[in-house]
Amino acid sequence: MLPSGEGEDKPVPPMTSSDAGRKGGSMVRDKYGEDYYRIIGKKGGTRLKETRGAEYYRDIARKGGTANMAKYGPEHFSEMGKKGGKTTKERQDPDFYSRIGKIGGSARRKKID
């Protein structure tokens, strides 16, 4: 015989939508692997580009850039650019900038009307 209260089912609190999404995502990852998300993301992006065109991506990028500029200000982006440039300089060999400069200089330019 069980002591009073043991073995009885306790009410389980309802799962939040965040918890449900996390649980479902984990199950999909376990079943199909992590590359599955990359593959379906690429398929979705390709389909969206076919449906809406490349201009759609330009528009949403412009909107996002404008919103970020308003939120953080130009100083933030200047700081991030300097930080990224410094990190690149530390990670690359001394001839890196010379090499990419030559590539950029030899790239075919678009005519501006």
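Refer to the structure presented above.
Residues numbered from 1 in each chain as written. Predicted model: local features only at pLDDT ≥ 70, side-chain atom pairs only at ≥ 80, totals over all residues. Heavy atoms only, no water.

Visitor: In this structure, what is going on with the overall build of the chain? I would like to understand it.
Guide: Scanning the chain from terminus to terminus reveals five helices and zero strands. Its helices and strands taken in sequence order, the chain reads α-α-α-α-α from the N to the C terminus. Residues counted as buried form 2% of the 113 residues belonging to the chain. Split by element, the accessible area of the chain, about 10900 Å² in all, is 55% carbon and sulfur. (Helix = DSSP H or I, 4+ residues; strand = E, 2+ residues; numbered from the N terminus. Buried < 20%, exposed > 50% of the residue type's maximum accessible area, 1.4 Å probe, protein only. Areas by Shrake-Rupley, 256 points an atom, 1.4 Å probe, with all protein chains shown as cover.)

Visitor: Which parts of the structure should I look at to understand helix 1 (residues 17–32)?
Guide: Because the α-helix completes a turn every 3.6 residues, residues three or four places apart line up on one side. With 16 residues, helix 1 should reach 22 Å at 1.5 Å per residue; the first-to-last C-alpha distance of 22 Å fits that figure. Following helix 1 by one or two positions, Gly-33 has its phi on the positive side, about 95°. (Expected span 1.5 Å × (residues − 1).)

Visitor: Before we go on, may I ask you to explain the pattern of salt bridges in this structure?
Guide: When their charged atoms lie close together, side chains carrying opposite charge are able to pair. Within this structure, the stated rule accounts for five salt bridges. With a closest N to O distance of 2.9 Å, Arg-22 and Asp-19 form a salt bridge. Here Asp-19 and Arg-22 lie together in helix 1, a separation of three residues that amounts to about one turn. Given the relative accessible area of 54%, Arg-22 is considered exposed. (Salt bridge = Lys/Arg side-chain N within 4 Å of Asp/Glu carboxyl O.)

Visitor: Please clarify how the packing of aromatic side chains should be interpreted in this entry.
Guide: The geometry of an aromatic ring pair is captured by two quantities: the separation of the ring centres and the angle between the planes. Counted according to the given criterion, the structure contains four aromatic pairs. Their ring planes at 20° and their centres at 4.8 Å tell us that Tyr-32 and Tyr-36 sit as a pair that is stacked. On the basis of relative accessibility, which here comes to 49%, the residue Tyr-32 falls in the partly exposed class. Tyr-36 sits in the partly exposed class, given a relative accessible area of 31%. With a centroid separation of 5.7 Å and an interplanar angle of 70°, the aromatic rings of Tyr-56 and Tyr-57 are classed as edge-to-face. You can call Tyr-56 partly exposed: its relative accessible area is 24%. If you follow Arg-52 out to its NZ or CZ, it ends over the ring of Tyr-56, 4.6 Å from the centre. (Phe/Tyr/Trp six-rings, centres within 6.5 Å; stacked < 30°, edge-to-face > 60°. Lys NZ or Arg CZ within 6 Å of the ring centre and 35° of its normal.)

Visitor: For this particular structure, what's the right way to read the packing of helix 3 (residues 54–72) against helix 4 (residues 74–91)?
Guide: Packed helix pairs are characterised by how far apart their axes lie and by the angle those axes make with each other. Closest axis-to-axis distance for the helix 3/helix 4 pair is 6 Å, and the angle between their directions is 100°. Viewed along their axes, helix 3 and helix 4 adopt a mutual orientation that is roughly perpendicular. Here Asn-68, Met-69 and Tyr-72 of helix 3 lie close against helix 4, whose contacting residues are Pro-74, His-76 and Phe-77. Taken together, the residues of the contact of helix 3 with helix 4 break down into four nonpolar, two polar and no charged. (Axes fitted to C-alpha atoms, helices over the stretch in contact; angles between N-to-C directions. Parallel < 35°, antiparallel > 145°, perpendicular 65-115°, else oblique. Contact = heavy atoms within 4.5 Å. Nonpolar A, V, L, I, M, F, W, Y, C, P; charged D, E, K, R; others polar.)

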